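Coordinate inspection notes
If you want the building blocks of each chain, they are given just below.
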Amino acid sequence: LSVELECERVAQQKILVALEPLVEAGGGTTPRVLAKAGLALYLQGLADQPDDLDEADLAAVLANL
């Protein structure tokens, strides 16, 4: 369990680092835009080339933001 939690922490840290330029450059960037970018980065890390089902899942997660 501790290894799994550490892996998740590392993945989240990588996403934060990747999103840093968006946050710094886009003072008007909405939370939805940041969430979409972060989830897209995470998805690319899981599945090198996200397919249509992955994109549909991403859209479902973002629908309520």
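The model shown is predicted, which means the values in this text are computed figures rather than measured ones. (Residues numbered from 1 in each chain as written. Predicted model: local features only at pLDDT ≥ 70, side-chain atom pairs only at ≥ 80, totals over all residues. Heavy atoms only, no water.)

Remarks on the confidence of the model for the protein
- The pLDDT averaged across the protein works out to 82; a share of 95% of its residues lies at or above 70.
- The least confident element of the protein is helix 2 (residues 31–46), whose mean pLDDT is 80; the most confident is helix 3 (residues 52–62), at 87. (pLDDT = per-residue confidence, 0-100. Helix = DSSP H or I, 4+ residues; strand = E, 2+ residues; numbered from the N terminus.)

Examining helix 1 (residues 2–25)
- Counted at 1.5 Å a residue, the expected span for helix 1 with its 24 residues is 34 Å, and the 35 Å between its end C-alpha atoms agrees.
- A maximum bend of about 40° is found in helix 1 at leucine 19, where proline proline 21 lies one to four positions downstream. (Expected span 1.5 Å × (residues − 1). Bend = angle between axes of the 7 residues up to and from the residue.)

Section: the environment of alanine 37
- Secondary-structure assignment places alanine 37 in helix 2.
- Distance from alanine 37 to isoleucine 15, taken between C-alpha atoms, is 9.1 Å for residues 22 residues apart in sequence.
- Excluding residues that lie within four positions of it along the chain, alanine 37 makes contacts with Leu19 and Leu22. (Contact = heavy atoms within 4.5 Å.)

Examining the pattern of salt bridges
- Tallying each qualifying case throughout the model produces one salt bridge.
- For glutamate 6, the salt bridge identified is with arginine 9, shortest N-O distance 2.7 Å. In this pair, glutamate 6 and arginine 9 both sit in helix 1, three residues apart, roughly one turn of the helix. (Salt bridge = Lys/Arg side-chain N within 4 Å of Asp/Glu carboxyl O.)

Concerning helix 3
- Taken as a whole, helix 3 has its buried residues at Asp54, Leu58 and Leu62. Within helix 3, the buried residues cover an arc of 70° as seen down the axis, which keeps them to one side. For helix 3, exposure combined with an orientation more than 90 degrees from the buried face picks out Asp52, Leu53 and Ala60.
- Looking at the packing, one finds that the buried side of helix 3 touches helix 2.
- Measuring from the side-chain oxygen of the N-cap residue of helix 3 to the backbone nitrogen of leucine 53 gives 3.1 Å; that N-cap residue is aspartate 51. (Buried < 20%, exposed > 50% of the residue type's maximum accessible area, 1.4 Å probe, protein only. Arc of directions from axis to C-beta. Polar contact = N/O pair within 3.5 Å; in protein donor to acceptor, adjacent residues only side chain to side chain.)

Some details on the side chain of aspartate 54
- Considering the arrangement of structural elements, one finds aspartate 54 in helix 3.
- This buried residue, aspartate 54, is left without a salt bridge; lysine 36 holds the nearest opposite charge, at 15 Å.
- Ignoring anything within four residues of it in the chain, the contact list for aspartate 54 reads Leu43 and Ala47. (Lys, Arg positive; Asp, Glu negative; His and termini not counted.)

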